[in-house]
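The primary structure of each chain is shown beneath.
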Amino acid sequence: MTDQFNQLLVASNRLPIVLKREKDSWRMEPGSGGLVTALTPLMQKHTGTWVGWPGITDETDLLAPMQDFSSQQGYALHPVHLQAEDIQGYYYGFSNEVLWPLLHGFHSKCNFEPEYWSTYTRVNEQFAEELVNISEAKDFIWVHDYHLMAVARGIKNAFAERNCCYFHHIPFPGPDIFLKLPWRQELLDALLDFNLLGFQTNEDVINFVNTVKSVFSDAEDSFEQGLFHIQCAGRVCKVGAFPISIDFDFFARKAKTPEVGAITAKLKNLHSEQQLLLGVDRLDYTKGILERLQALRYALEHYPDLRGNLSLIQVLVPSRQKVPEYQYLKEQIEGLIGEINGQFTEPGWIPIHYLYRSVSQEQLIAFYITADIALLTPLWDGMNLVAKEFCASNYEEDNVLILSEFAGAASQLYQDALLVNPYHVGEVARVIRRAYYMHKSERAERMKRLRELIKATDIFSWLESYLEAAFEGKSGTGRQERPYHYLSGTCSNRT
Ligand code: ADQ
């Protein structure tokens, strides 16, 4: 099916690069992550171009470093130059202060500033213009994430015929939440200009379809070969679930390398007396970090047998550091960690070890291996790749995954992860204790099945199924909807 298009153009807010200052010039290194890994071979095959903001607002000449990058990586980069006021309104404003909270269900945190919307549409049009200029009708344009939801509208406004599809990395809420957006109709209408809309889970898909039907009374939907077809104002847009994943083999292999082994041995040695819980998140209010800490405090207060025997390693990756709300959240988290440590620490045991920084991939995987239990409790999350990385790295299959039922990953991993409602601190505390006492054989059985599932649905199969939907109009993914009795508290997961 990859013969059905000529050039591949991928568009995302940021280019997949890390810029390094070197005296008077810039050096570019490829960014990391599953998406870049999965797309690179395809980009190489189809003389691909990645379109995005390079990450700096000055007019520095990036031509030479981009050419170096492209000859090394085998695909091109095309920068979209944005001014400081564009970044303010489109990125910090509409994307971060409107779409991010709204689409994660935090509508009370939204700042519906009209200026933000006009800058967002203008920047989306700028992206569309650049894409049209460097592409032709037989090319395939693949747009990623909520910063660029209106790009297909810009392409249509330029009267260009393109096969333009979109993947949404974060959740999509139901009409009760989405309808609060003052520009709901314009944004939905713009989204329906894409030929295919990919979401993470079936729940997101259903939410989207219901939202469209509540805004456009003439919209009609049908379901064929695993995809919804929405007919609205003379267009047909396909909609499907494609749960994103990781390069499983990369993590499984990397976990066995001597570099990772050396760090793991050190960590295990330091914590030989206790079981370790692990939290790894970008600092964000959607990740449920405060609730997680409250649950740990509840567990230590109510289950004295855990005191001295269980510690949490919390790794927080700095994120949106200039935003006051994120600075305040950091203070709250650090305050609560201080309180819990002050309340419970004893000679030889500290309840919470805290890292606020980005760590190397080797260190991260060593944490995944050393931890006995991962405690991942987002309040809402598109997927949560950390959950999958944790399982892929655990080749010894002796660890437990506790996962929020509001992480997209729960719709796939519900049978063998221990699902929790992150808002219910008493329940999370009970599940922590359950994981602590879980027998080796049960841990192994669950982790084995989790790893098999993640391996079978890795990032490469995600890519294949998306392309199959884009070019053949059918989808085999995302069919396995999680039945309600797998919600935490209603009936325990597989016992
Ligand atoms: P994120 O919100 O960033 O992604 P997640 O899916 O968990 O969330 O990915 C985080 C990534 O950062 C992981 O690949 C992890 O390895 C890396 N990372 C975490 N801690 C790190 C650290 N301390 N140092 C270095 N790297 C670290 C968004 C959506 C998610 C969705 C993804 C992909 O919010 O819901 O799963 O996109 O679609």
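Residues numbered from 1 in each chain as written. Predicted model: local features only at pLDDT ≥ 70, side-chain atom pairs only at ≥ 80, totals over all residues. Heavy atoms only, no water.

Undergrad: Pulling in residues and values, what's your account of unusual backbone geometry?
TA: Of note, the phi angle at Thr 47 is positive, near 35 degrees, even though the residue is not glycine. Position of Thr 47 among the secondary structure elements: in the loop between helix 1 (34–45) and strand 4 (49–53). A positive phi is found at Gln 225, a non-glycine position, where the angle reads about 45 degrees. Following the sequence through the fold, Gln 225 ends up in the loop between strand 9 (220–224) and strand 10 (227–232). The exposure class assigned to Gln 225 is exposed, which follows from its relative accessible area of 54%. (Helix = DSSP H or I, 4+ residues; strand = E, 2+ residues; numbered from the N terminus. Buried < 20%, exposed > 50% of the residue type's maximum accessible area, 1.4 Å probe, protein only.)

Undergrad: Which residues make up the sheet that holds strand 15 (residues 373–376), and what values do they have?
TA: A sheet is described by the order of its strands in space; here six strands give the open sequence 14-13-12-15-16-17, paired in parallel fashion. This sheet does not close on itself; its edge strands, each paired only once, are strand 14 (352–356) and strand 17 (418–420). Ignoring strand direction, the axes of neighbouring strands in this sheet form an average angle of 20 degrees. As paired strands, strand 12 (residues 275–282) and strand 13 (residues 310–317) are joined by eight bridges and run parallel to one another. Residue pairing across strands places Val 280 opposite Val 315, the latter belonging to strand 13. Sheet strands in contact with helix 12 (residues 324–344) are strand 13 and strand 14, and its direction is about 155 degrees off that of strand 14. Along the sheet, helix 17 (residues 440–456) makes contact with strand 12, strand 15, strand 16 (400–404) and strand 17, crossing strand 16 at roughly 60 degrees. (Pairing = 2+ DSSP bridges. Axes fitted to C-alpha atoms, helices over the stretch in contact; angles between N-to-C directions. Contact = heavy atoms within 4.5 Å.)

Undergrad: Could you give an account of the pattern of salt bridges, naming the residues involved and the relevant values?
TA: Counted according to the given criterion, the structure contains 26 salt bridges. Salt-bridge contacts for Arg 153 lead to Asp 193; the nearest nitrogen and oxygen are separated by 2.6 Å. Here Arg 153 is found in helix 5 (residues 151–157), whereas its partner Asp 193 is found in the loop between helix 7 (184–191) and strand 8 (196–199), with 40 residues between them in sequence. Taking relative accessible area as the criterion, Asp 193 reaches 13% and is therefore assigned buried. We note a salt bridge from Arg 449 to Asp 416, for which the minimum N-O separation is 2.8 Å. With a gap of 33 residues between them, Arg 449 in helix 17 and Asp 416 in the loop between helix 15 (410–413) and strand 17 connect regions that are remote in the sequence. Accessibility expressed as a relative area gives 28% for Arg 449, which makes it partly exposed. The class of Asp 416 is buried, set by a relative accessible area of 7%. (Salt bridge = Lys/Arg side-chain N within 4 Å of Asp/Glu carboxyl O.)

Undergrad: I'd like a rundown of helix 12, residues and numbers included.
TA: Here helix 12 spans 30 Å end to end across 21 residues, near enough to the 30 Å set by a 1.5 Å rise per residue. Residues of helix 12 that are buried: Tyr 326, Leu 329, Ile 333, Leu 336, Ile 337, Ile 340, Asn 341 and Phe 344. Down the axis of helix 12, the buried side of the element spans an arc of 130 degrees, and every buried residue falls inside it. Residues Pro 324, Tyr 328, Glu 331 and Gly 342 are exposed on helix 12 and point more than 90 degrees away from its buried face. (Expected span 1.5 Å × (residues − 1). Arc of directions from axis to C-beta.)

Undergrad: So what's going on with the nonpolar core? Which residues, and what values?
TA: Looking at soluble globular proteins, one finds that nonpolar side chains tend to be buried together. Grouped together as the largest cluster of nonpolar side chains are 103 residues, with contacts concentrated most on Met 149 and Phe 208. Examining the composition of this core, we find that nine residues originate from one element, helix 3 (residues 84–103), more than from any other. Shared between two domains, this core holds at least three residues of each, these being domain 1 (2–241) and domain 2 (248–456). Setting aside chain neighbours within four positions, we find Phe 208 in contact with Phe 172, Leu 188, Leu 191, Leu 192, Leu 197, Phe 199, Ile 230 and Val 239. The next biggest cluster of nonpolar side chains, apart from the first, holds 78 residues, and it includes Leu 15, Met 66, Leu 278 and Tyr 368. (Core = buried A, V, L, I, M, F, W, Y, C linked by side-chain atoms within 4.5 Å. Domains from an automatic or database assignment.)

Undergrad: Tell me about the side chain of Arg 235, and name the residues and values.
TA: With respect to the helices and strands, Arg 235 occurs in strand 11 (residues 235–241). A polar atom in the side chain of Arg 235 sits 2.9 Å from the side chain of Asp 193. With residues up to four places along the chain from it excluded, the contact list for Arg 235 reads Arg 153, Lys 156, Asp 189, Leu 192, Asp 193 and Ile 230. (Polar contact = N/O pair within 3.5 Å; in protein donor to acceptor, adjacent residues only side chain to side chain.)

Undergrad: So what's going on with the site of the ligand? Residues and values would help.
TA: Taken together, 21 residues surround the ligand, and among them His 169, Val 359, Asp 381, Leu 385 and Glu 389 come closest. Between Gln 200 and the ligand, the recorded distance is 3.1 Å, taken from a side-chain N or O atom to an oxygen atom. Within the backbone of Arg 357, an N or O atom sits 3.4 Å from a nitrogen atom of the ligand. In isolation the ligand has 720 Å² of accessible area, and contact with the protein removes 80% of it. Those elements that place two or more of their residues in the shell around the ligand are strand 12, strand 13, helix 13 (361–370) and helix 14 (385–393). For the shell around the ligand, the element with the highest residue contribution is helix 14, accounting for three residues. A breakdown of the residues in the shell around the ligand according to their chemical character gives 11 nonpolar, five polar and five charged. Three or more residues apiece are contributed to the shell around the ligand by two domains, here domain 1 (2–241) and domain 2 (248–456). (Near = heavy atom within 4 Å. Areas by Shrake-Rupley, 256 points an atom, 1.4 Å probe, with all protein chains shown as cover. Nonpolar A, V, L, I, M, F, W, Y, C, P; charged D, E, K, R; others polar.)

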